[in-house]
Protein chains: 2
Amino acid sequence: MSNGLQILKTSTISAARRGVLKTAHGEIQTPFFMPIATKGAVKTLSSADMEKLGAEILLSNTYHLYLRPGMDVMRAFGGLHKFMDWHGPILTDSGGYQVFSLAARRKITEEGAEFASHIDGSKHMLTPEKSIEIQQTLGSDIVMVLDECTPPEYDQETLNNSVDRTVRWAQRSKDYFEQNRDTSNNPGAMLFGINQGGINVDLRVKHANDLKQIGFDGYAIGGLSVGEPFEESCKVLDALQSVLPADKPRYFMGGAKPHEIVAYVKRGVDMMDCVLPSRNARHGLLYRFVHDDLSRPDFYETLHITNAKFAGDLTTLDFQQSGYSVSGNERTFSAADIQRSGHSIELSRYTLGYLHHLFDVQEVLGQRLATMINIKFYLELMERIGKGIEEGKI
Amino acid sequence: MSNGLQILKTSTISAARRGVLKTAHGEIQTPFFMPIATKGAVKTLSSADMEKLGAEILLSNTYHLYLRPGMDVMRAFGGLHKFMDWHGPILTDSGGYQVFSLAARRKITEEGAEFASHIDGSKHMLTPEKSIEIQQTLGSDIVMVLDECTPPEYDQETLNNSVDRTVRWAQRSKDYFEQNRDTSNNPGAMLFGINQGGINVDLRVKHANDLKQIGFDGYAIGGLSVGEPFEESCKVLDALQSVLPADKPRYFMGGAKPHEIVAYVKRGVDMMDCVLPSRNARHGLLYRFVHDDLSRPDFYETLHITNAKFAGDLTTLDFQQSGYSVSGNERTFSAADIQRSGHSIELSRYTLGYLHHLFDVQEVLGQRLATMINIKFYLELMERIGKGIEEGKI
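Residues numbered from 1 in each chain as written. Chains lettered and ligands numbered in written order. Predicted model: local features only at pLDDT ≥ 70, side-chain atom pairs only at ≥ 80, totals over all residues.

**Some points on the overall build of chain A**
In terms of regular secondary structure, chain A is built from 15 helices and 16 strands. Taking 394 residues into account, the globule formula puts the C-alpha radius of gyration at 21 Å, and chain A, at 21 Å, falls close to it. Over its C-alpha atoms, taken along the principal directions, chain A stretches across nearly 65 × 50 × 45 Å. Within the span of chain A, comprising 394 residues, buried residues form 54% of the whole. Looking at chain A alone, contacts between residues at least 24 apart form 68% of all its contacts between residues at least 6 apart. (Helix = DSSP H or I, 4+ residues; strand = E, 2+ residues; numbered from the N terminus. Rg over C-alpha atoms; globule rule 2.2 N^0.38 Å. Buried ≥ 20, exposed ≤ 12 C-beta atoms within 10 Å, placed from the backbone. Contact = placed C-beta atoms within 7 Å.)

Structural data, given as structure tokens:
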């Protein structure tokens, strides 16, 4: 089987799919969630930590890595995998989103996006070809085409023009990708197109058909999670279901709350990324499961660990309770437990009261433990969703 | 054998000793180094991390923990060991040093030290009895008496008066310690006296004799590492050697560079703490061994990882090379290797180039990896010193 998606089960009660995505760096069960290693590390965590947490794929940002450490360093290492010693697959974005949201200045032309670095003001030109070149140097397993993530305030004509240009950029991206595949740092990489069109469903469908004509290894739905109501995102996904090729992976780009992830999976989404678990963790907001039934909107809750009520709280941090017992201060683990559970063991050692204290005195360890808790929650959520599809519940 | 020091070997070429210190939370080989978990965590590291690094004892700060989380929380947990889930021994300082260096205002009287919190300005009174009470609530294994760490600028009369008061405080400390031992969170704790006297050798000797009269489980040498020349510290240690009881542990308080640690051990010191490895790590300064012969002043070197020359450097971080081979990207470890080597495996995965990048983009993971490297260096140094004593080289 070549790299790509193999669907193992399709739900009979929704458009949810359970499958396996084969990449040049191993297989991942779908649907899956990608923790974000923006600048070559998930903030506060190492690649070894991500393995222990059970992450199977990471997302890294082209814009950031292009500026620092830069491509000379990346060539010296032979790519991002060796740079951060991550052995699983990596998806990289095109850099477009950061150019539009972070860069000091930018100007979009047919050629590409000219921008000034947010770090030192230096000028750069990000073309569709340049974005692919960078991602092929990074050795990414899933390469994204350069697109314009259209802001909600675009009028209809500007939106139409932008989407048309995104199609032309997609073609140029594919041409460059194929021409340089063999000499890249990852000849087994896949290339994904990105669907745009705001919340205009007709435009979304037209654009998806245009991308399908070009032909990609997978299709991302971009330009959502930028402030529009959740219901509008669902309408777009509903409309795209019959248009996007059923045998290709579908990637919903950008932030999603846990219950939104369930809704997107029900609409046929196989892949998601989200900065929420790690960003919220650094502000002391923790996720934990409350109910097993994921169709309930209240299947999880959030704890604000900085709240004074957590001072002296003896509850341990093992929110997931994954397969071993915790009772008070008496805990015994077999060697097999430790091997299997990775960071679960470490998290189960500490208490809400200790975590509250670490945030109170601004110890970085607090942010680290909270990040592990939340990433573990999102990974566990995907596992529960996968089981739910298998059992016919989703 | 009750808690205390058992000397296994005394050097014939110096005053160095090799032994075992038995505490209420296990035995430690002497001489040893104590990483500093100021507010209940070694900055960026967890108790599990410290175990994996091979730390056998931690030092925590009474002043900080008294203010946050405070004694109500500590009583709820039954002490600091459970609060931070650290199963090995803990030494706590008396809080005096921080009152003198950190507090917003302070006034010393015969009764104790009145001070205003550096956090909220609230007023507190730290008496010898209060310091012991806090440390007994923390459940410390090695409790330190309250002393005044005399600054170098004291004139002779002020110094004399301060040292005399420290003797009276030491007696009050011991009385309170013994009276409340059985109801404390650690009835097996030891109490250490602290020798002061600046760099006045005669005063040091007189003070040490006064403390010996009271009788302690161990003796600390305080008030050094406060700016005086290294040679003056050595003179004080030389003079105290024949005065301090040979069968009790000797603890040199405060910062020491690696070659200074070797010099102090040669003068009979069994215990050291130092904020340098972790503080320097957070600024990107790394220690590594260069020569096996510890009598050479250049047996180690420091790397400034933020230096641009480290960009793209493929050298791995495993400075200690403790018993397994690293060659390029080909590494194989047995399960036993992993069990034994703990964080060595993790450190050996990453490169100087990656670490440089993490500091460059200000990822906290960089500070964490650097802290692990430096604490591992100091622990490895103590192991090498111990072997050196056994082999008759120190």
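**Some points on the relation of the copies chain B and chain A**
Overlaying chain B with chain A gives an RMSD of 0.0 Å, the required rotation being 180° about an axis along which the chain moves by 0.0 Å. Interpreted geometrically, this transformation is the action of a two-fold axis. Among all residues of chain B, the one whose C-alpha sits closest to the rotation axis is Val364(B), at a distance of 3.9 Å. A shared binding surface is used by both copies, with 97% of the interface residues of chain B retained as interface residues in chain A. (Least-squares fit on C-alpha atoms with pLDDT ≥ 70 in both.)

**Let's talk about the interface of chain B and chain A**
Contacts between the two partners involve 35 residues from chain B and, on the opposite side, 34 residues from chain A. Elements with a minimum of two residues in the side of chain B that touches chain A: helix H1 (47-53), helix H3 (71-77), helix H4 (80-84), helix H13 (343-349), helix H14 (352-360) and helix H15 (364-390) of chain B.

**Brief notes about the sheet that holds strand E2 (residues 17-23) of chain B**
Pairing between sheet strands relies on hydrogen bonds along the backbone, with the strands arranged either parallel or antiparallel. Residues and elements named next belong to chain B. As summarised here, the arrangement of the three strands in space is E1-E2-E3, forming an open sheet in which the pairing is antiparallel. Of all the strands in the sheet, just strand E1 (4-10) and strand E3 (26-30) have a single pairing partner and so form its edges. Neighbouring strand axes in the sheet, compared pairwise and without regard to direction, differ in orientation by 15° on average. With six bridges joining them, E1 and E2 adopt antiparallel strand pairing. Directly across from lysine 9, in E2, lies its bridge partner arginine 18. Together, E1, E2 and E3 form the strand contacts of H15, whose direction differs from that of E2 by roughly 125°. (Pairing = 2+ DSSP bridges. Axes fitted to C-alpha atoms, helices over the stretch in contact; angles between N-to-C directions.)

All we've got here are geometric facts, nothing functional implied.
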